[in-house]
Amino acid sequence: MADQKQSKVRSFMSDLANQCTPELFRQLRKGYGKENLVKDIMSGLIVGILALPLAIAFAIASGVGPEAGLYTAIIAGFLISFFGGSRFQIGGPTGAFIVIVYGIVAKYGIDGLATATLMAGVMLVLFGIFKFGSIIKFIPFPVTVGFTAGIAIIIALGQVPNFLGLDFHGVKEPAEAIAKIKLYATSLDTINLYSIIIGLIALVICFVWPKITTKVPGSLIAIVVATVIVKVLGWDEAHNVVTIGAKNHIPSGFPVPHLPNINLALMKDLFQPALTIAILGAIESLLSAVVADGMTGTKHRSNTELIGQGIANIFSPIFGGIPATGAIARTATNIKNGATSPISGLIHAVMLLLIMLIVGKYAEMIPMAALAAVLFQVAFNMCGYRNFIKLFKAPKSDVSVLLVTFVLTVVMDLTIAIEVGVLLAGILFIRRMADVAEVESVSKELDEHDEEVADPNHIGARAVPNGVIVYEIVGSMFFGAIEKFKTALSMTNSKPKILILRMRQVPSIDAAGIQMIETLLERCKSDGTTLLLSGVHAQPVVALTRAGVLKQLGEENALANIDAALNRAREILGLPLVESAPAESAPTVSWEKNISRPWLPENANATVAEETTEVIAEKVNEEAGNK
């Protein structure tokens, strides 16, 4: 026993060490030459230049200073590439976080944001250690499309004042979308025509430049052109075209690390926002890694990626940064420019640091209208309007989830939108699964022209002895469908000598399903009826065995297929067995193919099932999941 525990501990530690090993180290061990380094340097330089305007724009739109965006891109971007599980991931601030960051800053201030980001970082590390990388992928598609589209709308809405040059005369801009619109409407008399001109020029360049070349980012060209126009014509002073320097200062030095003012009361209040940051960061980073895999034919390690993202978000607020995650656009640019390893991400961070230290003061000349144009393009690219429109052709339940998530994201709060969206999707899915689940009596022989004759295992090809009733269950036996099963079975007023519950189309069973079978077994015993289970799959075998139900039933009464179940019934009734199955019969459960004569009860009961590869694998997976 002690040796077994030590073996499990060693296995766990070995697995954990593998999860925590960054992809960077694995790539270096495989071999890294001069040619790889040259490609990574060139790609890192280009991505670093692309990240500059985006980091500044995302930070300002989030309600913090531009330096916070740069610090995030440098610190978090470096750590994500260093500790992550993807070869090509580029990390930093992204548009997805603007909404949640703006709301936290408005309500809890910079210290609140730093605390929430640090908490989210710890959560992400735990997600990775406990192997949540695959679970995160099960966020329903309509939820991701809905909140992504909602975020895009809010990003664009938040940039309207900068694009139009609105002046609120000292009134603080609210975080809520409806309140924003009301404030904008009452400030339309302050529209600045020159800001609009600069914004339109930048916007046109953003959308047209990629058609000319993709070597240099269109957003960078747009900002450079807009900045030159404003400074040369003097519109910042003569016509009040607002620049970054009018409201913010970009430092020319590296930040001094410091911990935020953390207290338990604040952590309690920020738990939900921190969880939202963690979930959103996990979804976006893994989505970005999957896109990179599709472009390169590689495969990322999701749990290692989450650990890397978590480490980055722990250190980002310590250096004055904001939440960070994998950036799809920058990652794709990294790949297109020839990156071969995470070293390109490290170089991108170093490039940003050099830009900030050397030319950071010139970034203060960038007009806010140009940044608004860049974010309009970001919002357009991330809104996913094609998927949004396409989903209207999906089932009504998916459309409902999409619209609820979208509206709640825009009108209320991203945290609420994700929670309600996932909950609603789960409820509607359960209802859908319950609707397709059914149970019916199939004891009567079928006409030879019946449609079900195409099924080699249909009951019509078999002789059902008198006193035997066969019921077939279709669908997973889970809590959402149990009442349906109970109602159908309760309509059986007769008390047969043997009741066969055919489960060949029951891939899984939960606690409610186990309880139903246990109740049915008790009822059968009181009625003098023998209960037989037929076509029991691997997961139900394991679940029923561990719950002790198979012991109550009798392992000899859990059979692999209907032929073995009918033979067991004949055995109980004292009738001669049928020594061969119909010629056209086929295996009904995955492990039956390993049995030479599956129609005989002694070859197809629960004991045999417990020894098969599929059931053993099911046990191993369950034990691993419980560690």
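Up top is the structure.
Residues numbered from 1 in each chain as written. Predicted model: local features only at pLDDT ≥ 70, side-chain atom pairs only at ≥ 80, totals over all residues. Heavy atoms only, no water.

Draft legend 1. Broad picture of the overall build of the chain. For the chain, the count of helices and strands is 28 helices and seven strands. For the chain, with 627 residues in total, the buried portion stands at 53%. If you sum the accessible surface of the chain, you get close to 28,600 Å²; carbon and sulfur atoms cover 63% of it. (Helix = DSSP H or I, 4+ residues; strand = E, 2+ residues; numbered from the N terminus. Buried < 20%, exposed > 50% of the residue type's maximum accessible area, 1.4 Å probe, protein only. Areas by Shrake-Rupley, 256 points an atom, 1.4 Å probe, with all protein chains shown as cover.)

Draft legend 2. Fine view of helix α17 (residues 343–359). For α17, with 17 residues, the first-to-last C-alpha span of 24 Å sits near the 24 Å given by 1.5 Å per residue. Within α17, the full set of buried residues consists of Ile343, Ser344, Gly345, Leu346, Ile347, His348, Ala349, Met351, Leu352, Ile355 and Met356. Residues of α17 that are buried in the fold lie against α2 (23–30), α3 (34–61), α4 (66–83), β1 (91–92) and α16 (328–336). (Expected span 1.5 Å × (residues − 1). Contact = heavy atoms within 4.5 Å.)

Draft legend 3. Local environment of a nonpolar patch on the surface. Residues Phe78, Val350, Leu354, Leu357, Ile358, Val359, Tyr362 and Met365 make up a contiguous nonpolar surface patch of roughly 670 Å² in combined accessible area. For the nonpolar patch, the leading source of residues is α17, giving five residues. Within the secondary structure, Phe78 is located in helix α4. Take Phe78: its relative accessible area is 31%, and that puts it in the partly exposed class. (Patch = residues over 30% accessible without salt bridge, like charges linked within 9 Å, V, L, I, M, F, W, Y side chains within 5 Å. Salt bridge = Lys/Arg side-chain N within 4 Å of Asp/Glu carboxyl O.)

Draft legend 4. Region of the structure containing the side chain of Thr72. Mapped onto the secondary structure, Thr72 falls in helix α4. A polar atom in the side chain of Thr72 sits 2.7 Å from the backbone nitrogen of Ile322. (Polar contact = N/O pair within 3.5 Å; in protein donor to acceptor, adjacent residues only side chain to side chain.)

Draft legend 5. Molecular detail of the pattern of salt bridges. Tallied over the entire structure, the rule returns eight salt bridges. With a shortest N-O distance of 3.0 Å, Arg301 and Glu23 are connected by a salt bridge. Linking Arg301 in the loop between α14 (271–296) and α15 (302–318) with Glu23 in helix α2, this pair joins segments that are 278 residues apart in sequence. Here Arg301 falls in the buried class, since its relative accessible area comes to 15%. The residue Glu571 makes a salt bridge to Arg568 at a minimum N-O spacing of 2.6 Å. Residue Glu571 and its partner Arg568 are both found in helix α26 (residues 562–573); the two are separated by three residues, about one turn of the helix. For Arg568, a relative accessible area of 15% corresponds to the buried category.

Draft legend 6. Highlighting the nonpolar core. Within the largest apolar cluster, 91 residues are counted, with the highest numbers of intra-cluster contacts made by Ile56, Leu70, Ile244 and Leu371. Tallying contributions element by element places helix α5 (residues 98–129) first for this core, with 14 residues. Dropping the residues within four chain positions of it, Leu70 is found in contact with Leu52, Ala55, Ile56, Ile250, Leu352 and Met356. Counting residues in each nonpolar core, the second largest holds 49 residues, with Ile498, Leu499, Ile500 and Cys524 among its members. (Core = buried A, V, L, I, M, F, W, Y, C linked by side-chain atoms within 4.5 Å.)

Draft legend 7. Representation of the packing of α4 against α17 in the model. Between α4 and α17, the least distance of the axes is 8 Å, while the angle of their chain directions is 160°. Considering their axes alone, α4 and α17 lie roughly antiparallel with respect to each other. Crossing handedness for the pair α4 and α17: left-handed. Of the residues in α17, those in contact with Leu70, Tyr71, Ala73, Ile74, Gly77, Phe78, Ser81 and Phe82 of α4 are Gly345, Leu346, His348, Ala349, Leu352, Leu353 and Met356. Tallied by class, the residues present in the contact of α4 with α17 amount to eleven nonpolar, four polar and no charged. (Axes fitted to C-alpha atoms, helices over the stretch in contact; angles between N-to-C directions. Parallel < 35°, antiparallel > 145°, perpendicular 65-115°, else oblique. Left-handed = near helix turned anticlockwise from the far one by under 90°. Nonpolar A, V, L, I, M, F, W, Y, C, P; charged D, E, K, R; others polar.)

Draft legend 8. Representation of the environment of Leu275 within the structure. Residue position: Leu275 is located in helix α14. Ignoring anything within four residues of it in the chain, the contact list for Leu275 reads Met123 and Phe127.

Draft legend 9. Looking closely at helix α20 (residues 396–411). For α20, which comprises 16 residues, the first-to-last C-alpha distance of 22 Å matches the rise-based estimate of 22 Å (1.5 Å per residue) to within 8%. Regarding α20, the residues found buried are Ser397, Asp398, Val399, Val401, Leu402, Thr405, Leu408, Thr409 and Val410.

Draft legend 10. Fine view of unusual backbone geometry. You will see that Lys131, though not glycine, has its phi angle at about 60°, which is positive. Here Asn240, not a glycine, exhibits a phi torsion of approximately 55°, which is positive. Here Asn240 is to be found in the loop between α11 (235–238) and α12 (244–247).

Draft legend 11. Spotlight on the packing of aromatic side chains. Going through the model one piece at a time under the given rule, you end up with eleven aromatic pairs. On the numbers, 4.9 Å between centres and 65° between planes, the contact of Phe82 with Phe83 is edge-to-face. Taking 5.7 Å as the distance between ring centres and 75° as the angle between the ring planes, the aromatic pair formed by Phe207 and Phe380 counts as edge-to-face. Placement of Phe207 in helix α9 (residues 193–212) and of Phe380 in helix α18 (residues 368–382) is noted, with a sequence separation of 173 residues between them. Residue classification places Phe207 among the partly exposed residues on the basis of a relative accessible area of 35%. Grouped by ring-pair contacts, the aromatic residues Phe25, Phe78, Phe82 and Phe83 constitute a single cluster. The lysine or arginine in question, Lys180, covers the ring of Tyr102, its NZ or CZ lying 4.5 Å from the ring centre. (Phe/Tyr/Trp six-rings, centres within 6.5 Å; stacked < 30°, edge-to-face > 60°. Lys NZ or Arg CZ within 6 Å of the ring centre and 35° of its normal.)

Structural measurements only, silent on function.
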